[in-house]
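# A structural walkthrough
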Amino acid sequence: MGLTGLLGRRPEREALRLLLSQARAGRSGTLVVRGEAGIGKTALLNHAREAATGSGMRVVSSVGVEAERQFAFAGLYQLCIPLLDQAGALPEPQRAALGVAFGRQSGPAPDRFLVGLAALNLLAEAAEDTSLLCLVDDLHWLDQASVQILAFVARRLGAERLAFVFALRDPGENEVREVDGLPELRLSGLDDADARTLLDSTMSTPLDDQIRHRIVAEAHGNPLALLELPRSAPPARLAGGFEPPDVLTVPLRVEDSFRRRSGGLPADTQLLLVVAAAEPTGERALLWRAIATLGIVRAATEPAESAGLLDIDTRVQFRHPLVRSAIYQAASPGDRRLAHDALAAATDPLTDPDRRAWHRAQAVAGTDEAAAADLERSAGRARARGGLAAAGAFLQRAAELSPEPAGRARRALEAAHAKHEAGASETALELLADTATGPLDALQRARLQLLRAQITFHLTRSTEVPGMLLEAARTLAPLDAALARETYLHAIDAAIITGDRGMPQVAEAARASPRPPGTPRPADLLLDGLVTTVLHGYDTGAPGLRRALEGFRDDESGSSRWLWLASRIALTLNDDDLALLLTDRHVRLARETGALATLPRALLFQAVLLAFTGQLDYATALADEQVTITQATGGVPLPHDQLILAAWRGREAETTELYTTIVRKAAARARGTEVSLANYALALLHNGLGNYPTAMTAAQRATESNEPPHTSLALPELIEAASRAGRPAVATAALEQLELRAGASGTSWGLGLAARSRALLTTGPAAEDHYREAIERLGACRMVSHLARTQLVYGEWLRREGRRHDARDQLRTAHEFLAGAGAEGFAARAGQELRATGDRPRKRAAVPTDELTAHELHIARLVAAGATSREVGAQLFLSPRTIETHLRKIFRKLGITSRRQLKELSLG
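Residues numbered from 1 in each chain as written. Predicted model: local features only at pLDDT ≥ 70, side-chain atom pairs only at ≥ 80, totals over all residues. Heavy atoms only, no water.

## Overview of the side chain of serine 131
The condition is simple: Helix numbers and strand numbers start at the N terminus; a helix is a DSSP run of H or I with at least 4 residues, a strand a run of E with at least 2. It only takes one pair of heavy atoms within 4.5 Å for two residues to be counted as in contact.
Position of serine 131 relative to the elements: it lies in the loop between α6 (112–126) and β3 (132–137). Those residues in contact with serine 131, other than ones at most four positions away along the chain, are Ala23, Arg24, Met57, Arg58 and Arg161.

Here you go:
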């Protein structure tokens, strides 16, 4: 009975059957098959292929090969190449991204997640007519770019008629964390009965029961071991059993058996096997050309085929990946170099220059400038396709081959840059340590300093980083004025984020630095504004900050660099128009370019701003999207938007849990700004619940932050809490700061908050004047949640003044808005006050959209605004088919049947 038959009796078959059945029904799914080498992962994938083909599904596949790991998008290309005739159905940006990534056209290097969206939509398009199964074997040997994209695609599947099955070895040297959390199937060894059946099927003569028992025990149920170990053992060893148990793991023992088997073959056949092992594409003609340069005839393959190591048909295939690795590792360094040299000579330099350069590099013993230069050119091509990991690998090897110390240091520095950009920051730091010992010119040394600081900031957010960036900026100042000023800006931003108190030192150095020629860029204006603010105070710096933000507003370059900082500064100035505009642009540019590394932060900030506008449901949809994308891309969790939304909704348990988690993790990383934002959310929550002493304590902590927008957010909370907690001195001190900021910003939002805060500390008719001013000013801005909160505190004041009728009007208006928005804590407070006037809060009338989830409401809004399913899918990184499935649910819940009817509804 064959191995597939044995596996067919195991529960794994049912798991695959269910996966394929769901895919045919339009419910996509993924299965990650794990297990040790030889345990049957490939056999299970072959079973899946047969089952899918038999049920009418189309199958595409990709197999990872260790020697291919340095070629960007090689694994993805292998999977997608049968489907590329359907790429014309993709939107132009996605089609271009895929074309550039695969080297089929030139263009700007695409963001890897835009390539991911293109791959998702290509697969979904292919699955429209016939359901599709995607098989990826030996995922641990795929190139990094392909692994990241395929994991992203698997996490974004929805209603497509396709399924993914990944197979990879148990965690080891090449651990793949990108697929962690996906549905998993772990293969264990065969039970003894199946193991004996499989063993007997391999033996030409019957085995003694005692020997069979010993073999089964030593194989630990590993099917490949059961098939191969007896085959490699001489009769005497079969008579006496194998080596003592547990000398080697089962996969290593199998690999050793392949090594021994190949070692007994003729010399030409052994060298041919090394050439085949070093050539990952399996192209038969290439193998023939390569062995011809070594004087080896094609007939030399026959002993390897007879030994069951190699199969040559339309392609060159090893019996198992362990055969390839066993042969390559057993080969002498000289034979490996001979093999790679032959392959370099046989590879066309015009059609496949990168593979030729890689083989040529592997053939070098020592150094070789020409080979290093070839690899450097390959790195440039890889970077142009968006393959940063591949570029880093090429440059690292180019540095090793460089005969001159200066060239070695230069290439190692470039390799470190590429490695960091690709996410391998620890490896980049190791390269920098080597680079620092080489001869560098002044600019290179400055760039080394800058990169080390950037990596340290990325890895640790340490308070040492602002000082590191300051030193790098000082070194850069006489060499590259524009880069130096950006580095000073980064240093100030890092000081804000880490809570470092050395910001004045950075600002002084930045003020004295030379300016680049030409018209100042928005980033230059932002640096000037921040320097003035740090050195001379908020009121003096605010006009310069506003000029910088207006520069970003008017910038048509399409660059999103510094929009994250610019948006936060707009919040600092309480400029709702600029904050919303810049944040919306940041999100839009990140979506258009597929920049999923930066999109979550932009979505987080947009969600927080939308809460101020009263759009809590929309904000929740963005926060959910932020979490989904962060998980799909393996990013660091960003729970602050969820925290602030929970606080606005008055959900004490949820807010407290999120607060505790954030503070605990931030304390471990010394991230004071994260704690200050969490304390702002806690103050917001407890002001809504009427727990004013607790709110005051949290708000005081929040105002201690280096982060300017956190202070702007926290001051009104502190004033409200302190005034209600009987701490007028605390409230008055905070009011002085708030009024200074409001006067400097001059915005309706800032002046309205200041007027409300002044009213809270004023008695008599003057208080009413301040309340009315606050309502007028806040009514002129878009932050209507603050308007409703002002109507709430005004109504509370009116009731205490005995003006119950006037109080009802304010409280009723506040309650209707806050309840409708979902700000349950503040709404409950307004309802309680309304009842105290003798009135009753009106129950919010149910609307059809109440039945929609936040995600569905988000999609409904986009479609109602005129977006097609393809456009919505591109924005949310989902396939059009998944959007269509969501729309059917939306139509059913709303009782409508068309997009026209959706446009006619009020969706908030």
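## Here's the deal with the environment of valine 254
On the secondary structure map, valine 254 appears in helix α12 (residues 250–263). The spatial distance from the C-alpha of valine 254 to the C-alpha of valine 323 is 9.0 Å, given a sequence separation of 69 residues.

## Some words on the nonpolar core
In plain terms, the rule: To define a nonpolar core, start from buried Ala, Val, Leu, Ile, Met, Phe, Trp, Tyr and Cys residues and group those joined through side-chain atoms within 4.5 Å. Throughout, exposure labels follow a simple rule: accessible area from a 1.4 Å probe, protein chains only, divided by the maximum for the residue type, with under 20% read as buried, over 50% as exposed, and the rest as partly exposed.
The biggest cluster of nonpolar side chains holds 209 residues, and the ones touching the most others in it are Phe164, Phe166, Phe612 and Trp648. Per-element tally for this core: the top contributor is helix α31 (residues 599–612), with eleven residues.

## Focus: the sheet that holds strand β2 (residues 58–63)
What counts here: DSSP calls a pair of strands paired once it identifies at least 2 bridges connecting them. Axis definition: a line fitted to C-alpha atoms, limited for helices to the stretch in contact. Angles are taken between N-to-C directions and run from 0 to 180 degrees.
Here we have five strands laid out as an open sheet, ordered β2-β3-β4-β1-β5, and parallel in their pairing. One side of each edge strand has no neighbouring strand; the edge strands of this open sheet are β2 and β5 (184–186). Shown here is a sheet whose adjacent strand axes are inclined to one another by a mean of 15°, direction ignored. Lying over the sheet, helix α2 (residues 11–24) contacts β1 (29–35), β3, β4 (162–169) and β5, oriented at roughly 145° with respect to β4.

## What to know about the pairing of β4
Worth spelling out the cut-off: If you view a crossover with the strands going away from you and the path from the first strand over the helix to the second runs clockwise, you call it right-handed.
Counted residue by residue, β4 has seven buried out of eight residues, so it is predominantly covered. Bridge analysis of β1 against β4 gives seven bridges, and the strand direction is parallel. The residue of β4 that forms the bridge with valine 32 is phenylalanine 166. Crossover connection from β3 via helix α7 (residues 144–155) to parallel β4: handedness right-handed.

## A word on the confidence of the model for the protein chain
Regions with low pLDDT should not have their predicted coordinates read in detail. Selection criterion: How sure the predictor is of each residue is captured by pLDDT, a score from 0 to 100.
Taken as a whole, the protein chain shows an average pLDDT of 89; of its residues, 94% reach a score of 70 or greater. The weakest mean pLDDT in the protein chain belongs to helix α1 (residues 3–8) at 43; the strongest belongs to helix α39 (residues 748–760) at 98. Below pLDDT 50 for its whole length, residues 1–8 participates in 19 contacts with residues either more than four positions away or in separate chains. Contacts for the low-pLDDT stretch residues 234–248, under 50 throughout, to residues beyond four places or in other chains number 30 contacts.

## Focus on helix α3 (residues 41–54)
Stated precisely, the cut-off is as follows: A helix is expected to reach a length of 1.5 Å times the quantity of its residues less one.
For α3, spanning 14 residues, the distance from its first C-alpha to its last is 20 Å, which sits close to the expected 20 Å at 1.5 Å a residue. All buried positions along α3 are accounted for by Lys41, Ala43, Leu44, Leu45, His47, Ala48 and Ala52. Glycine 56 occupies a position one or two residues after α3 and carries a positive phi of about 90°.

## Concerning the packing of α31 against helix α32 (residues 616–633)
Stated precisely, the cut-off is as follows: In this scheme, roughly parallel covers angles under 35 degrees and roughly antiparallel covers those over 145, while 65 to 115 is roughly perpendicular and the rest are oblique. Two helices crossing with the near one rotated counterclockwise from the far one by less than a right angle form a left-handed crossing, whereas a clockwise rotation gives a right-handed crossing.
Relative orientation of the contacting elements α31 and α32 amounts to 165°, with a least axis distance of 8 Å. With respect to α32, the element α31 is oriented roughly antiparallel. Pair α31 / α32 crosses with left-handed handedness. On α32, the residues that touch Leu599, Pro600, Leu603, Leu604, Gln606, Ala607, Leu610 and Ala611 of α31 are Leu616, Tyr618, Ala619, Leu622, Ala623, Glu625, Gln626, Ile629 and Thr630.

## What to know about the side chain of asparagine 222
Looking at the secondary structure, you find asparagine 222 in the loop between α9 (209–219) and α10 (223–232). Classification of asparagine 222 by relative accessible area gives buried; the value is 0%.

## Quick word on the packing of helix α27 (residues 522–536) against helix α28 (residues 538–554)
Packed helix pairs are specified by the crossing angle of their axes together with the interaxial distance, meaning the distance between the axes. Using the following cut-off: Residues were grouped as follows: Ala, Val, Leu, Ile, Met, Phe, Trp, Tyr, Cys and Pro as nonpolar; Asp, Glu, Lys and Arg as charged; and all remaining residues, including Gly, as polar.
At a closest axis distance of 7 Å, the pairing of α27 and α28 adopts a crossing angle of 170°. Classified by the angle their axes make, α27 and α28 are roughly antiparallel. Across the interface between the two elements, Pro522, Ala523, Leu525, Leu526, Gly529, Leu530, Thr532, Thr533 and His536 from α27 touch Tyr538, Asp539, Thr540, Gly541, Ala542, Gly544, Leu545, Arg547, Ala548, Gly551 and Phe552 from α28. Looking at side-chain class alone, the contact of α27 with α28 contains ten nonpolar, eight polar and two charged residues.

## Re unusual backbone geometry
Even without glycine at this site, asparagine 574 takes up a positive phi of about 55°. Relative to the assigned elements, asparagine 574 resides in the loop between α29 (563–572) and α30 (576–593). Its relative accessible area of 3% is what places asparagine 574 among the buried residues. Residue phenylalanine 877 is not a glycine yet carries a positive backbone phi of 60°.

## Here we look at the environment of alanine 595
Locating alanine 595 in the fold gives a position in the loop between α30 and α31. Assessed through its relative accessible area of 14%, alanine 595 is described here as buried. Taking the C-alpha atoms as reference points, alanine 595 and leucine 469, separated by 126 residues in sequence, lie 25 Å from one another. Beyond its immediate stretch of four places on either side in the chain, alanine 595 contacts Asp111 and Ala590.

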